Amino acid sequence: MSDAQSYHRVTSANYSRWCGAMEVHRRLLTLNPEYAENRAQIENAAFAYEHLETATARQSLVDIPVVVHVVHNTPEQNVGDAQIHSQIEVLNQDFRASNPDVDKVPEAWQGLVADARIQFHLARTDPLGRPTDGITRTPTSAADWDTDDLVKFSLSGGHDAWPADVYLNLWVCQLRRGLLGYAQFPGGAASTDGVVVTHTGFGTTGTATAPFDGGRTAVHEIGHWLNLRHIWGDDDEGCSGSDFVEDTPNQGGPNTGSPGFPHVSCGNGPNGDMFMNYMDYTDDAAMFMFTKGQSARMDAALDHARMTLTRQAVAV
């Protein structure tokens, strides 16, 4: 059994939230030497920012233009504008630490809560310079989709990406195998760059379904798109993995549901796991923070691998 097959079998069997970003990452590492080289450079930059060897010169907010590609096989999957706008609202709260539930962060970690100084808007101009509402809608004969990126191409029944150096591409569709979403880390091909979210885990209204109806799946996946790793380090339930962020405690595998504080693993008492972090696997209502170390990694991505977005966002 391959590493990727083992990963998705363990994940889908045991965890209520399932993100396919690491499955995609491992596939690209195996198949694309250029991706592996890019990732090494990106991680070197992230290390310097997170360890305060380098700091961003950016003083203002980054306002990222988003295009939402709705790929639908049924009327239900063709999510409405209100559901899409509800997701943008959640992104703008969570990446600014202005979410109403941020006050639930335990006192021990309140000083680590980060305003990432990132906001999002639906694109106002399409790749040809024409006015747009930032939403495309594509009927398809495909009943559902997997982590193989086929939803990102019109030839396979999906929708082609808009230029990844200008837009965050976000596909909304029906994912299979209990998959909530997946993202491509910085460093991959532009044609597949972006985030995919299943329609029942997208936004806060319409087809969004509890316990993933708080818009946090897209927050989690965009975290990956900005180079954040799962908080437990993707070593299943061991204690040897790392998310490469010093201010997130080591923990033994993902948390699910809504744990009580503290939840101790890997000898990380007294405060235990930071299960309320957006990069864990808890329910939407149980996650409500990024840390300063994670914000530094996102700064590194925006200053380097994703720098074109910071330069062109205002125009689109």
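Caption draft 1: Seen up close, the overall build of the protein chain. Counting its regular elements, the protein chain contains 7 helices and 6 strands. With the C-alpha coordinates of the protein chain rotated into their principal frame, the extents come out at 55 × 45 × 40 Å. For the protein chain, buried positions account for 55% of its 316 residues. Partitioning the contacts of the protein chain with sequence separation of at least 6, the portion at a separation of at least 24 is 70%. When the accessible area of the protein chain is evaluated, it comes to approximately 12500 Å², of which 52% is carbon and sulfur surface. Taking the 21 positively charged and 40 negatively charged side chains of the protein chain as two groups, their mean positions are separated by 4 Å.

Caption draft 2: Examining the state of the cysteines more closely. Applying the stated criterion to the full structure yields 1 disulfide. Sulfur of C19: no disulfide; nearest cysteine sulfur belongs to C173 and is 14 Å away. The exposure class of C19 is buried, given its relative accessible area of 1%.

Caption draft 3: Representation of the pairing of strand β4 (residues 168-173). Of all 6 residues making up β4, 6 are buried, and the element is well covered by its neighbours. By the alternation rule, side chains of β4 split into L168, L170 and V172 and N169, W171 and C173, which are all buried. Here strand β1 (residues 62-72) runs beside β4; their pairing, made up of 5 bridges, is parallel. Residue pairing in the sheet places V70 in a bridge with V172 of β4. In terms of strand pairing, β4 meets strand β6 (residues 195-198) through 4 bridges, oriented parallel.

Caption draft 4: Up close: the nonpolar core. Core analysis: the biggest nonpolar cluster contains 64 residues, and I64, F95, I118, F120 and I222 have the highest contact counts within it. Sorting elements by how many residues they give to this core places β1 first, with 6 residues. Excluding residues within four positions of it along the chain, I222 makes contact with L91, F95, F120, L168 and V195. A123, W162, V166 and Y167 belong to the second largest nonpolar core, which has 6 residues in total.

Caption draft 5: Structural view of the environment of D103. Positionally, D103 belongs in the loop between α4 (81-94) and β2 (118-122). Once the C-alpha coordinates of D103 and D115 are considered, the two residues, 12 residues apart in sequence, prove to be 14 Å apart.

Caption draft 6: Broad picture of the confidence of the model for the protein chain. Chain-level statistics for the protein chain give a pLDDT mean of 93 and a share of 94% at 70 or above. In this model, residues 1-15 is a region of pLDDT below 50 whose contacts with residues beyond four sequence positions or in other chains number 26 contacts.

Caption draft 7: Structural context of the pattern of salt bridges. The final tally for this structure, using the stated rule, is 16 salt bridges. Note that R130 and D126 form a salt bridge whose closest N and O atoms lie 2.7 Å from each other. Taking the relative accessible area as the measure of exposure, D126 reaches 9% and is therefore buried. With its nearest N and O atoms 2.3 Å apart, the salt bridge here joins D146 to R177. One end of the pair, D146, is in the loop between β3 (135-139) and β4; the other, R177, is in the loop between β4 and β5 (181-183), with 31 residues separating them in the sequence. The class of D146 is buried, set by a relative accessible area of 14%. By relative accessible area, R177 is classed as partly exposed at 30%. Several salt bridges converge on common partners, so that one network encompasses E23, D144, D146, R176 and R177.

Caption draft 8: A look at the pairing of β2. Burial of β2 is extensive: 4 of the 5 residues sit out of reach of the surface. Relative to β2, β1 runs parallel, the two being bridged by 5 bridges. Paired with I64 across the strands is F120, a residue of β2.

Caption draft 9: Spotlight on the packing of aromatic side chains. What the rule picks out here adds up to 6 aromatic pairs. A ring pair is formed by F95 and F290, whose centres lie 5.0 Å apart and whose planes are at 45°; its orientation type is tilted. A residue pair is termed long-range when its members are at least 10 positions apart, and F95 in the loop between α4 and β2 and F290 in the loop between α5 (216-225) and α6 (292-303) qualify at 195 residues. Of the two residues, F95 and F290, neither departs from the other in class, the shared state being buried. A centroid spacing of 5.0 Å and a plane angle of 70° characterise the contact between W162 and Y167, whose relative ring orientation is edge-to-face. Note that R229 overlies the ring of F185, its terminal NZ or CZ placed 5.6 Å from the centroid.

Caption draft 10: Quick peek at α6. A rise of 1.5 Å per residue sets the reference length of α6, with its 12 residues, at 16 Å; its end C-alpha atoms lie 16 Å apart and thus fit the reference within 8%. Most of α6 is tucked away, with 10 of its 12 residues classed as buried. Of all the positions in α6, only G293, Q294, S295, A296, R297, M298, D299, A300, A301 and L302 are classed as buried.

Rules behind the numbers
- Residues numbered from 1 in each chain as written.
- Predicted model: local features only at pLDDT ≥ 70, side-chain atom pairs only at ≥ 80, totals over all residues.
- Heavy atoms only, no water.
- Helix = DSSP H or I, 4+ residues; strand = E, 2+ residues; numbered from the N terminus.
- Buried < 20%, exposed > 50% of the residue type's maximum accessible area, 1.4 Å probe, protein only.
- Contact = heavy atoms within 4.5 Å.
- Areas by Shrake-Rupley, 256 points an atom, 1.4 Å probe, with all protein chains shown as cover.
- Lys, Arg positive; Asp, Glu negative; His and termini not counted.
- Charge placed at Lys NZ, Arg CZ, Asp CG, Glu CD.
- Disulfide = S-S within 2.5 Å.
- Pairing = 2+ DSSP bridges.
- Core = buried A, V, L, I, M, F, W, Y, C linked by side-chain atoms within 4.5 Å.
- pLDDT = per-residue confidence, 0-100.
- Salt bridge = Lys/Arg side-chain N within 4 Å of Asp/Glu carboxyl O.
- Phe/Tyr/Trp six-rings, centres within 6.5 Å; stacked < 30°, edge-to-face > 60°.
- Lys NZ or Arg CZ within 6 Å of the ring centre and 35° of its normal.
- Expected span 1.5 Å × (residues − 1).

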